[in-house]
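# Structural description and commentary
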Amino acid sequence: MALAGRGISADLTCAMLLLIQAICLSGDLTMHILRVNNISVSYAGREVFRDLSWVIGDRDRVALVGPNGAGKSTLFKVLLGEVEPDHGHVAIQAGVRIGHLAQDVSLPSGQSLIETAMIKPAELAAIETRLNEIETQLADPAVYGDEALLAQTLERHEALLADYERMNGSRHGSHVRELLAMLGFDADDYDRPNDTLSGGQKKMVALVQLAVSAPDILLLDEPDNHLDMDGKNQLERFILNYRGSVVIISHDRYLLDEIASQTVELERGRLTVYHGNYSYYLNERQLRRLRQERQYVTQQKEIARIEAMIERFESWAKQVLSRKHMLAARQRRRMLEKMEERGEIIEKVVDQRLMDFKVDGWRGSKKALELKRVSMAFDDEPLFLDASMLLRHGERVGLIGPNGAGKTVLLQLILGELQPVAGDIVVGPSIRIGFYSQEHQTLEAWLEQSPLDLIRTMQNSSESNAVNFLLRMAFSYEQARQPVRTLSGGERSRLQLARVMLQQPNLLLLDEPTNNLDIPSVEVLEDALDEFNGAVLIVSHDRYFLDQTVDRLIEIRAGQLTEYLGGYTEYLAATGQLKMN
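Calculation notes
Residues numbered from 1 in each chain as written. Predicted model: local features only at pLDDT ≥ 70, side-chain atom pairs only at ≥ 80, totals over all residues. Heavy atoms only, no water. Helix = DSSP H or I, 4+ residues; strand = E, 2+ residues; numbered from the N terminus. Buried < 20%, exposed > 50% of the residue type's maximum accessible area, 1.4 Å probe, protein only. Areas by Shrake-Rupley, 256 points an atom, 1.4 Å probe, with all protein chains shown as cover. Lys, Arg positive; Asp, Glu negative; His and termini not counted. Charge placed at Lys NZ, Arg CZ, Asp CG, Glu CD. Pairing = 2+ DSSP bridges. Axes fitted to C-alpha atoms, helices over the stretch in contact; angles between N-to-C directions. Contact = heavy atoms within 4.5 Å. Core = buried A, V, L, I, M, F, W, Y, C linked by side-chain atoms within 4.5 Å. Salt bridge = Lys/Arg side-chain N within 4 Å of Asp/Glu carboxyl O. Parallel < 35°, antiparallel > 145°, perpendicular 65-115°, else oblique. Left-handed = near helix turned anticlockwise from the far one by under 90°. pLDDT = per-residue confidence, 0-100. Phe/Tyr/Trp six-rings, centres within 6.5 Å; stacked < 30°, edge-to-face > 60°. Lys NZ or Arg CZ within 6 Å of the ring centre and 35° of its normal.

Below, the discussion takes up the overall build of the protein chain. Counting its regular elements, the protein chain contains 21 helices and 18 strands. Taken along its principal axes, the extent of the C-alpha atoms in the protein chain is 100 × 85 × 55 Å. Per-residue burial for the protein chain yields a buried fraction of 46% across its 581 residues. When the accessible surface of the protein chain is split by element, carbon and sulfur atoms take 49% of a total near 29600 Å². Separation between the mean location of the 64 positive side-chain charges and that of the 83 negative ones in the protein chain comes to 10 Å.

Written as structure tokens, this is what we have:
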């Protein structure tokens, strides 16, 4: 009515109200429930980020991306209140609860999966305790005989009941089972001891514990690490169906494309928001960088012109003692200073320092590797039977299958670390293998020594040459000298790749090489594999990576090897799993 009274027709007013209602019903009208206001954080004098501002809506699906060490996990800690910013603050709407799935999780030893999943969140358990206390008070004559005290107690009871229902307290057990089923577990898994669960399965149990009370915001730090293909698909469905907001740190580009409606990049201490999934972010980021580079060049030319003019005015002023020229010089210098004060100076586009990874390879045997009717079993339990495979020089083959199917065992058989029950494994006579292990086992002998020690030993080179090599692999001078055991997962992955490069192989066996690498490093690896002169066998659950690198896939499932031509997308199409938009 107020709109119509301002000269807008009743029909138009009705149409606008219907449009607003439609937007609200469709969920496009997002309510901001958390706001980051100009926060800055430093560690030991090193600035992690400065003046970060950001908002999270009540239904957002956010991919938080950026290179290793950019501060993504630190930003999570700030949102959780575990790290106090040097400047700025985080404003959270009243009643909003945040749940956090850490990068590394541990489950209680000696418990079963279902026992652990059924453990109630501390906040829910506390509410139950307070409800029991109030119900005891309501039976007390001193309470029910005092009208004012009774009303006050009932009001507290009602508020606690509302919180209890909001956290799914009355249906906790059934909700736990629903979430377990959504994440790929069934009743046969319930009695499995936690110690027998894979790393990915432990993460999913921890996610159930976290999500059962329905936090308004879920912060997920690499939840997909160590999940197999089925697990990643189930995680995608869970995130897409979750009723609150989800902010996820992940290096799985396929996952980020499927679930993200917003991509937020943290790099060089700055936060940049892109309103789309990962593919949109890549394209838009490139366009923005091209525009910034053009604007930077144009502005720098203008600044150079103004500075040359200032020099001329100052020179003329000194020669003829001209106040007019001196004022003109000061005016233009002040103009440049104001541009800097207002933040109008366009920064030069600076590329992230990437590892310089390249494996030259060389022409070896035409048949790099052949499996002839290979069978493998443990304690009379068959893993695979009569498995045959041929890998030729120049081929890139991906090895996929559920956790426990035998992918890593197959690599151990090829390396001679295990012996098959039956069949033959033939490695070409002029083949040299370079092996990358999933759990960094190839570095175990070097944990107390430094990367510099490892490289000097492998290269038989001087310290300066080894340092330069490590700098090319994106290590700092300090990291090159610290014990390997102190390195992060991503740094150990780069050191393993450096070790592979120095082996000069022409057959690469790579077991989950992308697990701890940031996305820019994965892209470097993809380019290196594309140029590699040799054969490659890759065990990976990184679907995007497989699409970029392999010519065919071999799936190990139920003891059988099945071949599919093409990458992961072609595999989905061949098995009827490809999603149609």
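All right, on to the sheet that holds strand β10 (residues 367–378) then. The antiparallel open sheet is built from three strands, whose spatial order is β11-β10-β13. Only two strands of the sheet have a single partner each, and these edge strands are β11 (381–392) and β13 (422–427). When the angles between neighbouring strand axes are averaged without regard to direction, this sheet yields 15 degrees. The sheet strands contacting helix α14 (residues 407–415) are β10, β11 and β13, and the helix crosses β10 at an angle near 120 degrees.

Side chains of nonpolar character tend, in soluble globular proteins, to be buried together. Of all hydrophobic cores here, the largest spans 46 residues; its most connected members are Phe357, Ile455, Met473, Leu495, Leu497, Leu529 and Tyr568. At the level of elements, α15 (451–459), α16 (463–472), α18 (489–503), β15 (507–511), α19 (519–531), β16 (535–539), α20 (543–549) and α21 (568–574) are the ones that each hand at least two residues to this core. Excluding residues that lie within four positions of it along the chain, Ile455 makes contacts with Asn460, Ala466, Phe469, Leu470, Leu495, Ala498 and Leu502. By size, the runner-up hydrophobic cluster in this structure holds 39 residues, among which are Phe238, Ile248, Tyr274 and Ile519.

Residue position: His100 is located in strand β5 (residues 98–101). Taking the C-alpha atoms as reference, His100 lies 20 Å from Asn194; in sequence the two are 94 residues apart. When residues no more than four places from it in sequence are discounted, the contact partners of His100 are Phe76, Leu80, Leu210, Leu219 and Asp221.

Per the stated rule, a full pass over the model turns up 29 salt bridges. The partner of Glu47 in a salt bridge is Arg50, with the nearest N and O atoms 3.0 Å apart. Since its relative accessible area comes to 40%, Glu47 is described here as partly exposed. Residue Arg50 is classed as partly exposed on the basis of its relative accessible area, which comes to 30%. Linking Glu284 and Arg291 is a salt bridge whose minimum nitrogen-to-oxygen distance equals 3.6 Å.

This part is about the packing of helix α5 (residues 122–138) against helix α7 (residues 147–166). Interhelical geometry of α5 versus α7 gives an angle of 155 degrees and a closest axis separation of 10 Å. Judged by the angle between their axes, α5 and α7 are roughly antiparallel. Note on packing geometry: the crossing formed by α5 with α7 is left-handed. For the pair α5 and α7, the contacting residues are Leu124, Ile127, Glu128, Arg130, Leu131, Ile134, Glu135, Gln137 and Leu138 in the first and Leu150, Thr153, Leu154, Arg156, His157, Leu160, Leu161, Asp163 and Tyr164 in the second.

This prediction gives the protein chain a mean pLDDT of 87; 94% of its residues lie at or above 70. In this model, residues 1–8 is a region of pLDDT below 50 whose contacts with residues beyond four sequence positions or in other chains number five contacts. Note that residues 17–28 has pLDDT below 50 and, in this model, three contacts with residues that lie over four places away or in other chains.

Turning next to the sheet that holds strand β8 (residues 262–267). The strand order across the open sheet formed by six strands is β5-β6-β7-β3-β8-β9, and the pairing between neighbours is mixed. Two strands bound the open sheet, and with one partner strand each, they are β5 and β9 (270–274). When strand polarity is set aside, the average angle formed by the axes of neighbouring strands in this sheet is 20 degrees. Judged from the four bridges that link them, strand β3 (residues 61–65) and β8 form a sheet pairing that is parallel.

What follows deals with the environment of Gln449. The residue Gln449 is located in the loop between β14 (433–436) and α15 in this model. Judged by relative accessible area, Gln449 falls into the partly exposed class, the value being 37%. Beyond its immediate stretch of four places on either side in the chain, Gln449 contacts Gln482, Pro483 and Val484.

Relative to the helices and strands, Met182 is located in helix α8 (residues 172–182). For Met182, a relative accessible area of 32% puts it in the partly exposed group. Sequence-wise, Met182 and Gly401 are 219 residues apart; in three dimensions their C-alpha atoms are separated by 20 Å. Those residues in contact with Met182 that lie beyond four places of it in its chain are Gln234 and Phe238.

This paragraph deals with the packing of α15 against α16. Put simply, α15 and α16 touch, their axes get as near as 9 Å, and they point 115 degrees apart. For the element pair α15 / α16, the angle class is roughly perpendicular. Of the two elements, α15 crosses α16, and the hand of that crossing is right-handed. Taken together, the residues of α16 that come into contact with α15 (itself represented by Pro451, Leu452, Ile455, Arg456 and Gln459) are Glu463, Asn465, Ala466, Val467, Phe469 and Leu470.

Another aspect to go through is the packing of aromatic side chains. The geometry of two aromatic rings is summed up by the distance between their centres and the angle between their planes. A complete count under the given rule lists six aromatic pairs for this structure. On the numbers, 5.0 Å between centres and 80 degrees between planes, the contact of Tyr274 with Tyr281 is edge-to-face. Accessibility classification places Tyr274 together with Tyr281 in one group, the buried group. Relative to Tyr281, the ring of Tyr278 lies with its centre 5.4 Å away and its plane at 50 degrees, an arrangement referred to as tilted. One end of the pair, Tyr278, and the other, Tyr281, are both in helix α12 (residues 278–320), three residues apart, so they sit about a helical turn from each other. Note on accessibility: Tyr278 and Tyr281 belong to one class, buried. Linked through ring pairs, Tyr254, Tyr564, Tyr568 and Tyr571 together constitute an aromatic cluster. The ring of Phe475 carries the charged tip of Arg494 above its face, separated from the ring centre by 4.7 Å.

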